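These are the residues of each chain, in order.
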Amino acid sequence: MSNQSDSLLTKVYSGSYTFAGGSIGGVLEKNGGGSLTLSSANAFTFGSVRGGPNSQDAGALQIGNFAALGSGPLSFGHVAGITGIYFLPSAGSGTLPNDISLPSPTHAITTRLLTDQTNLTVTLGGILSGGSATHELLIDNDSSSNDIGKIRLSNSANTFTSSRVRINRGGLVVTSDAALGNLANDLNLDVTSDLANSGLVLEGSVNLGADRSVIISSQTVIDTQDTPDVVSGPLT
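What you see is a predicted model; the values in this text were computed from it and never measured.

Thoughts on the overall build of the protein
Consideration 1: Helix and strand counts for the protein stand at zero helices and 24 strands.
Consideration 2: For the protein, the C-alpha radius of gyration of 17 Å lies close to 18 Å, the compact-globule estimate for 236 residues.
Consideration 3: Along the three orthogonal principal directions, the C-alpha set of the protein runs to about 50 × 35 × 25 Å.
Consideration 4: Taken across its 236 residues, the protein has 55% of its residues classed as buried.
Consideration 5: The contacts of the protein with a sequence gap of at least 6 include a subset with a gap of at least 24, amounting to 64%.
Consideration 6: Of the charged side chains in the protein, 10 are positive and 18 negative, and the gap between their average positions amounts to 8 Å.

Some points on empty space enclosed by the protein
Any empty space left between atoms is shown by rolling a water-sized probe over those atoms.
Consideration 1: Counted by the stated rule, this structure contains one cavity of 30 Å³ or more.
Consideration 2: Together, L28, F44, F46, G47, L69, G72, P73, L74 and N98 line the largest cavity.
Consideration 3: The element best represented in the lining of the largest cavity is strand 6 (residues 43-49), accounting for three residues.
Consideration 4: Taken together, the residues that form the lining of the largest cavity break down as six nonpolar, three polar and no charged.

About the thresholds
Residues numbered from 1 in each chain as written. Predicted model: local features only at pLDDT ≥ 70, side-chain atom pairs only at ≥ 80, totals over all residues. Heavy atoms only, no water. Helix = DSSP H or I, 4+ residues; strand = E, 2+ residues; numbered from the N terminus. Rg over C-alpha atoms; globule rule 2.2 N^0.38 Å. Buried < 20%, exposed > 50% of the residue type's maximum accessible area, 1.4 Å probe, protein only. Contact = heavy atoms within 4.5 Å. Lys, Arg positive; Asp, Glu negative; His and termini not counted. Charge placed at Lys NZ, Arg CZ, Asp CG, Glu CD. 1 Å grid on protein atoms, 1.4 Å probe; cavity = no way out; pocket = protein on both sides within 12 Å on 5 of 7 lines; lining within 4 Å. Points joined across faces, edges and corners; volume = space filled by probe spheres on them. Nonpolar A, V, L, I, M, F, W, Y, C, P; charged D, E, K, R; others polar.

Take a look at the structure:
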């Protein structure tokens, strides 16, 4: 790890580290296969992630505070599958405000977004962009049994592209079709659970577009929350 200046550049090359207590500013650059835990509010103006673990219980960035990444955007540039962000139990439910740019690989890779097993909802409030037709966005949590930690996509300005958005454990809350980015991003429901408030959660009246396929790969729940919703594309 190198911290050239708390107002310039903080680099994490390898190993796992925790930053807690004071605020760190400037640019954050995360490389290597370890985890970086951010437990306090920080003042980063830009963050980049080039490596991290591919795990159900650890992430490249482990977020314990929704202000941990400061005000700037976060860019992912990994070339192999990783757990990009793990939202720790200590963060609770809340909104990560940062814009996030996903990697744009020419080969198949996965970016996992991981929540805790408890009934937490993490909202990605910034614009989710980037990605490619060979990139998979994986929604997951850290338990194989209590699958109710959720990621919520709420920004109708999202533009990201994925080969598929796959829900493996927990839930994905969607507030509009536009929040799912590219019109052709397919939804793959692979939760293997029938727990209430898990799987695909449609918040409000949501009309999923005709170009968006919904593929049910295993037992799952589509929760309409007592509002009228429409699946216009193929449901298989």
